[in-house]
Amino acid sequence: MTVGIVMLVHTALGRAEQVARHWSAAGCPVVIHVDKVVPRKTYNAFVAALSDLSEVRFCGRYRCEWGTWGIVEATQSASEMMLAHYPSVRHVYLASGSCLPLRPVQELIDYLDERPNTDFIESATTSEVPWTVGGLDEERFTLRFPVSWKRHRHLFDFFVNIQRKLGMSRKMPNGILPHMGSQWWCLSRRTLSAILQDPERPTYDRFFSQVWIPDESYFQTLTRQYSENIESRSLTLSKFDFQGKPHIFYDDHLQLLRRSDCFVARKIWPYADRLYEAFLTDAAGAMKRTEPNPGKIDRIFSKAVERRTRGRSGLYMQSRFPNEDWENGVTAAPYSMFQGFSELFENFEPWLAAATGARVHGHIFAKDRVHYADGQTAINGALSDSPVLRDYNAKAFLTNLIWNTRGERQCFQFGPDDNQEINWRIAKDPNAQVSVITGAWAVPLFRSNLDFAAIRAIAARLQKIESEHMDVLRSPYTKARVRIWTMAEFIEAPMEPLQGILDEIGRTKLRRLSEAPKMVDLSGFGQFLQNLKNQGMHPYLMGDFPVERGVENMPKTQRKPYLVQ
Amino acid sequence: MRKRRELKRVVNRTDQIRADDLLLFCTQRNERIRLPYFLDYYRKMGIGHFFFVDNDSDDGSLAYLADQPDVSLWHTTASYKRSRFGVDWLNWLQIKYAHGHWALTVDPDEFLVYPFCDTRPLRALTDWLDASSIKSFSAMILDMYPKGRLDEQPYQAGQDPMDIACWFDSGNYTISRNHRFTNLWIQGGPRARVFFADEPEKAPALNKVPLVKWDKRYAYVSSTHMLLPRGLNQVYDEWGGEKASGVLLHAKFLDTFGAKAKEELERGQHYAGSVEYKAYAERLKDDPQLWCKWSERYINWRQLEILGLMSKGNWA
């Protein structure tokens, strides 16, 4: 008993010839169907080239346009010829001209000998297959498809829509249940002949000739009528991408294919010389006798689809430039933005770096320059510290920074005196952890040596900017993890929020916060704010600061009682 | 169309072209020293026929190209600038000869790198693009530069320029959309960082679409940065996914650059009043270092893919 090969061929006839010879040399009869579009001359040359092999035959030719009935007709005609001429054939294997046997043919024969009544055909009900492309699953069967999708796409859509509108629908003949699956099967003589010789076949043929992509449903459905033993999988390794077209194998897939343990793979690029050489002529390269397992290849191709459909989060480049809110992640990794902390604490940046191991930058959106950690003039990716380059596209600067440093947590300082252009970008970024002590920008002013009139003007400006920024951070569109304290609130009990921030960054070296950063001396700050008020500028973002308060340096020191004025 | 009268045929070997040949289109001026490696690089990649427009060279490159068996050659003394930087000349040749072919349009200092280019010839890519119904392929310019002074290591004819200029900037590119032509406008890299740090809006465009399944209705608009019809510029995904793309390694910054910049400045034949060359000349006086501590050393396409400068898309 042996296996017969039905080969559907339309291009790369040289390769098809090579493969046909390979099957034939192993004792498998081959029936070849050549697509009718192949010119007569080319066809004759192809037939002549194989004329030395008595066990290779050619069947009547049909036009095999993608997704049309012709492919099924071709398969039927070739299968009938196979069954009629080769009584020793017990299984028929449907292959294409770009299929390549990976394991010695004898292993396939042995494998099928051990499973004489099994039909290998992927066959699943329409509701259970996720791979349909183009939105047609059940409608493949219930609508009619008189025109080619490839050539007349608009007309095709027109017919689909009009049938939907008119509520047109067809019934399955004899109440059969539609099934779908890979076009490439291996059926036993018993099942295949039952399908081909069924007295009801004209009914089925008439029905399926108007089904969309019948080559993926005709045998898949009818096998269910006759087979006693269906193994619903294809022996042919064939991977499809997100558009429903098969992935192609190249020379560099050689090792992958060797380890795939599959009998046959498609599609092979016709110029993949090494693959054809390795699998058709190198008997020593035969693989171990193991159950087929395409899992290793699966991963590579599903990753390719993932890359094409979702891409790498936080990457903006020549072939990935997502529309706003369609980014699948605005930035590449979580990061933290601190506002008011380095104003309130003298050594906040080194303290945070020591406590978390993260890279802690200064004000990277400052007007004078980008204040990278350790005073560097550039950073990963050759990202410059020039404020002009940064402000030319501040959003790209941020996404570049996070992309370039992925693998290392980034923290940076921000304030109302910095470039505010990225506020919305950060607010809408789920990767952003934003901690703000409002009003802390007043501390450097309080400690500065400027004229009070100048201070008043600056304070009014900064307060306005920060207030607008807080509106952004509190908006319903904000996706960032935002925490906002007034300065008064924060200095009341700074340890708790600091611990929370460290926990969130998650890489704390210390289990409990033992060393707190050093708060600047705030004695006189309340009076400073009162002076601003007296000048008609009301600083409200700090919260309520009593005039006499703010002397305590650290919360551990004894708290003075509030003075109520 | 009138631009074709500016072109004088030197050698026409286009009758050798087979129906499925991959074609390369290039304008050049005094690039004799670069040509041997350039031709070698693209022959190995699988280019079947080269089209050159020589813009009035006087360094022997015309004779050299005329001798190559797979080159068709035209000559012009007309203005590079008024031909919209060569594209008018090439568009005419493309309309005439490239219809139905994959056409690669590059400069003599641009070297295409695409996914799997170390194991798969260019035809593997174009076959895949055909099968995927994709008509144009993006490859942004990646400026390559040496470590140290530009003139420190003299370039020899036939040498791989990336032996010398093997460094690049990996992560300082900015992108915006050009709504008129729907293409992306990419800037950045060492030229923006060193020459245009004070006026980044003037930094050169790095987006390119050099590989196109040509149709006689197509045309490059400005250099190979954008095409018409506009759909050909849709080489990027807008919904988060990545389309397949490559990189043009740009080996401009070799020891030959100083002389070239001087010559180009005198001719004034480049974009926007040669602002680029003015900036270069300005900075070259101070002997600038393009290299910095964060420069990346080029290894292969996989490195560029990991860095996010190009993508395999769904080609696996």
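As shown above, the structure is provided for reference.
Residues numbered from 1 in each chain as written. Chains lettered and ligands numbered in written order. Predicted model: local features only at pLDDT ≥ 70, side-chain atom pairs only at ≥ 80, totals over all residues.

Student: Hey, could you run me through the overall build of chain B in this one?
Tutor: Secondary structure summary: chain B contains eight helices and 16 strands in total. Here the C-alpha atoms of chain B give a radius of gyration of 18 Å, agreeing with the 20 Å that 2.2 N^0.38 yields for 316 residues. Projected onto its principal axes, the C-alpha positions of chain B cover 50 × 50 × 40 Å. Of all 316 residues assigned to chain B, the portion counted as buried reaches 52%. (Helix = DSSP H or I, 4+ residues; strand = E, 2+ residues; numbered from the N terminus. Rg over C-alpha atoms; globule rule 2.2 N^0.38 Å. Buried ≥ 20, exposed ≤ 12 C-beta atoms within 10 Å, placed from the backbone.)

Student: What am I meant to see in the packing of helix α7 (residues 189–197) of chain A against helix α9 (residues 218–226) of chain A here?
Tutor: Between two packed helices, what matters for the description is the angle formed by their axes and the separation of those axes. Residue and element names in this part refer to chain A. Between α7 and α9, whose axes approach to 9 Å, the crossing angle comes to 105 degrees. Regarding the angle of α7 to α9, the classification is roughly perpendicular. The segment α7 lies against α9, with Thr 191, Ala 194 and Ile 195 engaging Phe 219, Leu 222, Thr 223 and Tyr 226. In terms of residue class, the contact of α7 with α9 is built from five nonpolar, two polar and no charged. (Axes fitted to C-alpha atoms, helices over the stretch in contact; angles between N-to-C directions. Parallel < 35°, antiparallel > 145°, perpendicular 65-115°, else oblique. Contact = placed C-beta atoms within 7 Å. Nonpolar A, V, L, I, M, F, W, Y, C, P; charged D, E, K, R; others polar.)

Student: How should I be thinking about the interface of chain A and chain B in this particular structure?
Tutor: By a widely used convention, the size of an interface equals the accessible area lost when the partners come together. Each side of the interface is counted separately: chain A has 49 residues, and chain B has 49 residues. Among the elements that line the side of chain A that touches chain B, the one with the most residues is helix α12 (residues 295–309) of chain A, at seven residues. By residue class, the composition of the side of chain A that touches chain B is 24 nonpolar, 15 polar and ten charged.

Student: Any chance you could explain the pairing of strand β3 (residues 49–55) of chain B here in plain terms?
Tutor: Residues and elements named next belong to chain B. With seven of seven residues buried, β3 is to be regarded as a mostly interior element. Of the two faces of β3, the one lined by His 49, Phe 51, Val 53 and Asn 55 and the one lined by Phe 50, Phe 52 and Asp 54 are each fully buried. In terms of strand pairing, strand β2 (residues 23–28) meets β3 through six bridges, oriented parallel. In the sheet register, Cys 26 faces β3, and the bridge partner there is Phe 52. With six bridges connecting them, β3 and strand β4 (residues 71–76) associate as parallel partners. Bridge pairing in β4 links Phe 50 to Val 71. (Pairing = 2+ DSSP bridges.)

Student: I would appreciate a short explanation of the environment of Phe 414 of chain A in the present structure.
Tutor: All names here are of chain A. Tracing the backbone shows Phe 414 in strand β17 (residues 410–414). Given 26 C-beta atoms within 10 Å, Phe 414 falls into the buried group. Spatially, the C-alpha atoms of Phe 414 and Gly 362 are 7.9 Å apart, while their sequence positions differ by 52 residues. When residues no more than four places from it in sequence are discounted, the contact partners of Phe 414 are Met 337, Phe 338, Gln 339, His 363 and Phe 365.

None of this, on its own, says anything about what the molecule does.
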